[in-house]
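# Structure assessment
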Amino acid sequence: MALFGLVDCNNFYASCERLFRPELKSRPVVVLSNNDGCVIARSAEAKALGIPMAAPAYQWEHVFRQHQVAVFSSNYALYGDLSSRVMSILADMAPRVEVYSIDEAFLDLTGVADPVALCREIRARVTQWTGIPVSIGLARTKALAKAANRRAKKNPALGGVYDHTAEADPEALLADMEAGEVWGIGPRHQKRLWARGVRTALDFARLPRDWVKKEMSVVGLATQLELQGISCVHFERAPAPHRSLLCSRSFATLVEDKAQLREAVCSFATRVGEKLRRENAEASAVQVFVSTPRHRDVPQHNGQAVITLPAPTAHTPEIIEAALRGLDQAYAEGHGYQKAGVMLLGLTPATGRQNSLLDLPPEERQRQRTLMAALDGVNRRFGRGALRFALASAPDRPWHMRQMRRSPRYTTSWADLLKVR
DNA sequence: TCTGGGGTCCTAGGACCC
DNA sequence: TCTGGGGTCCTAGGACCC
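Residues numbered from 1 in each chain as written. Chains lettered and ligands numbered in written order. Predicted model: local features only at pLDDT ≥ 70, side-chain atom pairs only at ≥ 80, totals over all residues. Heavy atoms only, no water.

The geometry of two aromatic rings is summed up by the distance between their centres and the angle between their planes. One pass over the full model with this rule turns up nine aromatic pairs. Between Tyr 100 and Phe 106 the ring centres are 5.5 Å apart and the planes differ by 70°, which places this aromatic pair in the edge-to-face class. Using a relative accessible area of 36% as the deciding quantity, one classes Tyr 100 as partly exposed. Phe 106 sits in the buried class, given a relative accessible area of 0%. With centroids separated by 5.7 Å and ring planes inclined at 40°, the aromatic side chains of Tyr 331 and Tyr 337 adopt a geometry described as tilted. Across the pair, Tyr 337 and Tyr 331 agree in class, each one buried. An aromatic cluster is present here, built from Phe 12, Tyr 13, Tyr 76 and Tyr 79 joined pairwise through their rings. Looking at Arg 196, its charged tip hangs above the ring of Trp 211, at a distance of 4.4 Å from the centre. (Phe/Tyr/Trp six-rings, centres within 6.5 Å; stacked < 30°, edge-to-face > 60°. Buried < 20%, exposed > 50% of the residue type's maximum accessible area, 1.4 Å probe, protein only. Lys NZ or Arg CZ within 6 Å of the ring centre and 35° of its normal.)

Printed below as a string of structure tokens:
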């Protein structure tokens, strides 16, 4: 029988910030989203203050002040680096690991003689080597492992590891959980379930399957079966290649001027092109969008356009050119835009591509690749944006996203290394 | 001043083809 | 009275995840 473990870092971003600031050990810590917009991570103390996930930061400033909450802008360079340290420990210790997100990984523990003992060792080593606290849930399916993880977190007496397969009363786990807390049931479905009298995960697991399939599609049905112990979401050893890639940002101030939007779009196109080449892929189409703020009494405009490329490419100038054409279509005069983005669609592997009549000659393609490789090399070595395209915005534009409270890049930037006296 | 960024999958409906 | 049936592709919209 299959056995899944779910390793989840506790309050991951807040824990990362705390690592380098030991004096914050018992103070509440929150981390804000890009643009310092809303709360995306909270330490246990911050949760105890009643600060909800996704709370708009400006609404909670008084609480931050009153309780001396340590507030950080998000610092993805730091979190990404600590994440890979945690993941490499897991890879060393568990037979198979599926990295599921920046702070979570599934373990395939099928056939392991004493999985609980292994998980306790893993937990101890991650704590010792990285300082990041983790919880681990074990169960027969991924959705149950998620639920088991939640119990491991909530119940300190368990010591951070909970094995649902050893439980005398397996239904207690689901009876103790709201339906909306189940992995795969979001706010919309929760509301509809509530209207039908379904309160707990156990209620949901006991619904007629045909109703679930009809109202929640095959995805909802898979979730239900998973809660019943029937594994539908399988272990993925290697990450699937991306189907799309996106770079988008909110602006610190509203942008009306098309020339400034062109700069922003050009920067986003450059960035997403870097991601594309790092994945050794090419894009078949470029999508651009611009949008006005959602919650204000101004005319809304959400413009978007998709430009199909003549042939798949990873060449930044071609991506920029298409993106700017897309912007021409998406843009409407007379709006203050709050956000823009560039998405690459129809991704294909860069190697082994078919030649097409529409494509440039192979020598020209090769010349482009060499140029991009050189560019990426310089930017890797000297920092992103060291070399950039003329149209792309300089880093000092007033509308660049706010990051008023970012911590240093302790682990990924020489200049930010911690000084030991 | 004022709510992130980056993804995935499913479904329904229309266009088009044979 | 009475206008098929099946397949594919694309898109928009909706839902979810972290």
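Text resumes after the structure shown.
This paragraph deals with the sheet that holds strand 4 (residues 70–73). An order of 3-2-4 is seen for the three strands of this open sheet, with the pairing classed as mixed. Edge positions in the sheet fall to strand 3 (39–42) and strand 4, since each has one partner strand and no second. Between one strand axis and the next, the sheet turns by 25° as a mean value, whatever way the strands run. Bridging between strand 2 (residues 29–32) and strand 4 involves four bridges; their strand directions are parallel. (Pairing = 2+ DSSP bridges. Helix = DSSP H or I, 4+ residues; strand = E, 2+ residues; numbered from the N terminus. Axes fitted to C-alpha atoms, helices over the stretch in contact; angles between N-to-C directions.)

A separate point is the layout of surface pockets. Estimated volume of the second largest pocket: approximately 1,100 Å³. Along the walls of the second largest pocket sit 36 residues, with Asp 8, Asn 11, Lys 47, Asn 149 and Lys 153 positioned nearest its centre. Those elements giving two or more residues to the lining of the second largest pocket turn out to be strand 1 (4–9), helix 1 (12–19), strand 3, helix 2 (44–48) and helix 6 (142–154). Ranked by the residues each element gives to the lining of the second largest pocket, the list is headed by helix 6, at eight residues. In terms of residue class, the lining of the second largest pocket is made up of 17 nonpolar, eight polar and eleven charged. Of the residues that make up the lining of the second largest pocket, three or more belong to each of domain 1 (1–167) and domain 2 (169–240). (1 Å grid on protein atoms, 1.4 Å probe; cavity = no way out; pocket = protein on both sides within 12 Å on 5 of 7 lines; lining within 4 Å. Points joined across faces, edges and corners; volume = space filled by probe spheres on them. Nonpolar A, V, L, I, M, F, W, Y, C, P; charged D, E, K, R; others polar. Domains from an automatic or database assignment.)

Structurally, Leu 82 can be placed in helix 4 (residues 76–93). Taking C-alpha positions, Leu 82 is 38 Å from Gly 303, a pair spaced 221 residues apart along the chain. Ignoring sequence-local partners within four residues, the contact set of Leu 82 consists of Phe 12, Cys 16, Leu 19 and Phe 20. (Contact = heavy atoms within 4.5 Å.)

For DNA strand C, the set of nearby residues contains 13 residues, the closest of which are Lys 146, Gly 184, Gly 186, Arg 188 and His 189. A share of 100% is what sugar and phosphate atoms reach among the atoms of DNA strand C within 4 Å of the protein. Take Gly 186: an N or O atom from its main chain is 2.8 Å from a phosphate oxygen of DNA strand C. Within the side chain of Arg 188, a nitrogen or oxygen atom sits 2.8 Å from a phosphate oxygen of DNA strand C. When residues of the surface near DNA strand C are traced back to their parent elements, those giving at least two are strand 5 (96–101) and helix 8 (187–195). Considering only residue class, the surface near DNA strand C consists of five nonpolar, four polar and four charged. (Near = heavy atom within 4 Å. Polar contact = N/O pair within 3.5 Å; in protein donor to acceptor, adjacent residues only side chain to side chain.)

Walk down a regular strand and you will see the side chains alternate between the two sheet faces. As paired elements, strand 2 and strand 3 share three bridges and run antiparallel to each other. Looking across to strand 3, one finds that Leu 32 is bridged to Val 39. Hairpin remark: strand 2 followed by strand 3, antiparallel, with six residues in the connecting loop; positive phi at Asn 35, about 70°.

No statement about biological role is implied by the geometric values presented.
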